[in-house]
Amino acid sequence: MEAFCLDLSPRVLLAEDDHELRELLALVLEGAGYQVVQCDNGLQLLGHLERTDDVAAVISDLRMPGLGGLEVLARHRHRSRQCPFICMTAFGDELTHNRARQLGAAEVINKPFDLDEMIALVERVCLRNQETSGVKQ
Amino acid sequence: MRLTIKITLAVMFGIVLIFSVYSYQSIEREREQIKRNLSREARHIGESLRVIVVELWHQRGQEASMAFLDRANQGYSDTLVRWVWIEEGLPEAVQPRVPLSHLERLAQEETVTLMAASAEGQDYLLTYLPVFTPTGRIGAIELSESMEEMHDYVQESLRRSALVIGASVVSGLLMMAALGSIWVGRPMRQLRAQAERIGTGDFSAGVNLSGSDEFAELSGTIERMREQLVQAREAEQEATAAKIEALEKLRHSERLATLGQLSAGMAHELGTPLNVIAGRAKLMGREGISPADIARSATIIHEQAERMTGIMRQLLSFARRGEARKQPVEVHLIMRGVLPLLEPTLHKQQVQLRLEEAQEGLVVCADAAQLQQVLLNLLLNAIQAMPDGGSMTLAGYPAPRAKPPEDLADSDQRWVCLQVTDQGTGMAPEVLRHIFDPFFTTKDVGQGTGLGLSIAYGIVQEHGGWIDVESEPGKGSSFSVYLPLHVGGRQS
């Protein structure tokens, strides 16, 4: 089925345990032309990452029940298929930012953030990813 | 009053003694005087009689002089006049009433006066005047006078003396009782009442006795003592108030420090709904949004704002400096109270908290906010002891076998235990010894004040309890807060 899918809109994995924020982000991202897959915890996100090929970007909260964003990053960084991670956090301290970046996060954004800023970030990250993929190919 | 009675009795005894001696001597003197008077009188009469008897004897013979004596005898009512021969072996009628050996001086022509008692026990004053008869025999005129009258007089004197002494004693006692009550009893009662009032801690009323006697001096001394005590108490109260205020300030700053530790978690709790609100508001401002979407966004904004308000209220109620108020409160409610504040930090630090809630009806008399401060301190310490996450337990249960420290030992007291157990780094014995010391900390600069556990201990002590610690490096620590079980009161 996926092979025949002609939907060319880029796919974004969104992991956030707060239902309202997740729904809002999905709404805005879909409005901006992205296809959004929603997860409410880290384990679910990891499953989607393993199953899904064409992920343009991952937006993940750092603090989630069960598996947090940082753990997902740590487990995913050694996979062959790389996709850019945007991490959201309310503990906006330097330590958390550095830790996320060390684990390979493309961007770390502090809550609360502007929705337009998030869209711009996703676009920028996707573009950068396409460029690096293009260079590799 | 007992002292007054003692003094009165001593004085009375002295007075009675002096009076008695004086009376006795007076009566004795009077008796001697009376005796002397009687004796002189008898001698005068006797001498007059003797002149006549001797004269009669010479002129008319023995018969006439004897007849004269008989007649003379009838002339004296109190005195009996008789002729006696100073010779042995004569009939009783002409024999002296006393043995002749007492009358030897008659031979030297001396008059003899002496006292004698009759067979009936009556006293007589006897006066013998010698008469040398022409025949050469020695006779004597005997005047005997009964002493009954004098005895009666002495008796009367004795009765009067006794009456005077008795009256003096009675009036003296009455006077001493009245004056003793006024001068000693009343001020004594006032001073005693004042001393008792001061003894019970009532310094409100002063006592002021007028005059310049010892009681007035003592009342002045007591008054000065009372004023000094009042000053001392005021100073002590001020010091205590200052101490309480300082302690309260310290506790409040520690509470704020705890809040700082919780703030990272709280930032997330507030950041997420804030994000939703900002986003929804922006959505509503966009063009081409349907009224239904606007309504939905408005509802969500309202809900998120409510959520944030709730969080703010929790924070404020914890941070607010409140009066320490102890009241019966359910242990499980205290335990539940700390969870909302702690939840974000638990999440952030990847720590699982297992809650073994106390059964309902387990009540302690406590200031719930202060006890939550204690639990938060212990729980945050436990979280910090597990930097890589882990699990810890908060348990509440009755602890009938708890062994209190010696100063709290009360066999009837039953205890409740609130226990925080972690699987953290644990503590070495040398650290364990100091954990309740103020400003002792193993954390980095800026990470802890070193006051948390010492303040927690102070709070628990104020609630009549204590904290026990068990710890093993590498295995974890267990803090047990023991509090007196509240029995019989109504739960709050």
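Above this text sits the structure in question.
Quick caveat, the model's predicted, so the values are computed rather than measured. (Residues numbered from 1 in each chain as written. Chains lettered and ligands numbered in written order. Predicted model: local features only at pLDDT ≥ 70, side-chain atom pairs only at ≥ 80, totals over all residues. Heavy atoms only, no water.)

Asks: What is the right way to look at the overall build of chain A in this model?
Replies: Secondary structure summary: chain A contains 5 helices and 5 strands in total. When the elements of chain A are put in sequence order from the N terminus, they spell out β-α-β-α-β-α-β-α-β-α. Residues classed as buried in chain A amount to 50% of the 137 residues present. If you take every contact in chain A between residues at least 6 apart in sequence, the share linking residues at least 24 apart comes to 61%. Summed over its atoms, the accessible surface of chain A is roughly 7,000 Å², and 51% of this surface lies on carbon and sulfur atoms. (Helix = DSSP H or I, 4+ residues; strand = E, 2+ residues; numbered from the N terminus. Buried < 20%, exposed > 50% of the residue type's maximum accessible area, 1.4 Å probe, protein only. Contact = heavy atoms within 4.5 Å. Areas by Shrake-Rupley, 256 points an atom, 1.4 Å probe, with all protein chains shown as cover.)

Asks: Sorry, what's going on with the sheet that holds strand 3 (residues 123-132) of chain B here?
Replies: Sheet strands associate in pairs through backbone hydrogen bonding, adopting either a parallel or an antiparallel arrangement. Residues and elements named next belong to chain B. Taken in spatial order, the 4 strands line up as 1-4-3-2 in an open sheet, and their pairing is antiparallel. Each having just a single partner strand, strand 1 (79-85) and strand 2 (112-117) make up the two edges of the open sheet. Sheet twist, expressed as the average angle between the axes of neighbouring strands with direction ignored, equals 25 degrees. Bridge analysis of strand 2 against strand 3 gives 6 bridges, and the strand direction is antiparallel. Directly across from Ala116, in strand 3, lies its bridge partner Tyr124. Sitting on the sheet, helix 2 (residues 62-75) touches strand 1 and strand 4 (138-146), and the angle it makes with strand 1 is about 155 degrees. (Pairing = 2+ DSSP bridges. Axes fitted to C-alpha atoms, helices over the stretch in contact; angles between N-to-C directions.)

Asks: Explain a nonpolar patch on the surface here, please?
Replies: Residue and element names in this part refer to chain B. Side chains of Leu3, Ile7, Val11, Ile15, Phe19 and Val164 sit close together on the surface and give an oily, nonpolar patch of about 470 Å² of accessible area. Broken down by element, the nonpolar patch gets its largest block of residues, 5 residues, from helix 1 (residues 2-60). Mapped onto the elements of the fold, Val11 is located in helix 1. (Patch = residues over 30% accessible without salt bridge, like charges linked within 9 Å, V, L, I, M, F, W, Y side chains within 5 Å. Salt bridge = Lys/Arg side-chain N within 4 Å of Asp/Glu carboxyl O.)

Asks: What's the story with helix 7 (residues 368-384) of chain B in this structure? I'm lost.
Replies: Note that an α-helix has 3.6 residues per turn; residues three or four places apart therefore point the same way. Look at helix 7 of chain B: 24 Å from first C-alpha to last across 17 residues, which is about the 24 Å you get at 1.5 Å a residue. By the criterion of burial, helix 7 of chain B is predominantly enclosed, with 13 of the 17 residues buried. (Expected span 1.5 Å × (residues − 1).)

Asks: I would appreciate a short explanation of the pattern of salt bridges in the present structure.
Replies: Side-chain pairs of opposite charge can arise where the charged atoms are in close proximity. Under the counting rule described, the total for this entry stands at 23 salt bridges over all chains. For the salt bridge of Asp18 of chain A with Arg307 of chain B, the shortest nitrogen-to-oxygen distance reads 2.7 Å. One end of the pair, Asp18 of chain A, is in the loop between strand 1 (11-15) and helix 1 (19-31); the other, Arg307 of chain B, is in helix 5 (residues 291-319), on a second chain. Residue Asp18 of chain A is classed as buried on the basis of its relative accessible area, which comes to 10%. Its salt-bridge partner being Glu223 of chain B, residue Arg226 of chain B comes within 2.7 Å of it at the nearest N-O pair. Separated by 3 residues within a single helix, Arg226 of chain B and Glu223 of chain B lie in helix 4 (residues 214-285), roughly one turn from each other. Overall, the relative accessible area of 17% leaves Glu223 of chain B in the buried class. Three or more residues joined by partner-sharing salt bridges are found here, namely Asp114 and Asp116 of chain A together with Lys282 and Arg286 of chain B.

Asks: Where do I start with the pairing of strand 3 (residues 57-61) of chain A in this structure?
Replies: All names here are of chain A. For strand 3, a buried count of 5 out of 5 residues is recorded, marking the element as mostly surrounded by other parts of the structure. Of the two faces of strand 3, both are covered, the one formed by Ala57, Ile59 and Asp61 as well as the one formed by Val58 and Ser60. Where strand 1 and strand 3 come together, 4 bridges link them in parallel fashion. Bridge assignment links Val12 to a residue of strand 3, and that residue is Ala57.

Asks: Sorry, what's going on with the nonpolar core here?
Replies: In this structure, Val331, Leu342, Val364, Leu379, Met392 and Val481 of chain B are the most contacted members of the largest nonpolar core, which totals 58 residues. The element contributing the most residues to this core is helix 7 of chain B, with 9 residues. With 27 residues, the next largest nonpolar core counts Leu25, Ala26 and Val36 of chain A together with Leu283 of chain B among its residues. (Core = buried A, V, L, I, M, F, W, Y, C linked by side-chain atoms within 4.5 Å.)

Asks: Honestly, the packing of aromatic side chains in this entry has me stumped. Any pointers?
Replies: A ring pair, where both rings are aromatic, is described by two values, the distance of the centres and the angle of the planes. Residues and elements named next belong to chain B. Tallied over the entire structure, the rule returns 6 aromatic pairs over all chains. With a centroid separation of 6.2 Å and an interplanar angle of 85 degrees, the aromatic rings of Trp57 and Trp85 are classed as edge-to-face. One end of the pair, Trp57, is in helix 1; the other, Trp85, is in strand 1, and 28 residues separate them in sequence. Of the two residues examined, Trp57 and Trp85, each falls in the buried class. Measuring from centroid to centroid gives 4.7 Å for Trp415 and Trp466, while their planes differ by 85 degrees, and the two rings are edge-to-face. Of the two residues, Trp415 is situated in strand 9 (residues 415-422) and Trp466 in strand 10 (residues 466-472); the sequence distance between them amounts to 51 residues. Both residues of the pair, Trp415 and Trp466, count as buried. A connected cluster of aromatic rings, assembled from ring pairs, spans Trp57, Trp83 and Trp85. When the ring centre of Tyr124 is taken as reference, the NZ or CZ atom of Arg97 above it lies at 4.8 Å. Looking at Arg137, its charged tip hangs above the ring of Trp85, at a distance of 3.9 Å from the centre. (Phe/Tyr/Trp six-rings, centres within 6.5 Å; stacked < 30°, edge-to-face > 60°. Lys NZ or Arg CZ within 6 Å of the ring centre and 35° of its normal.)

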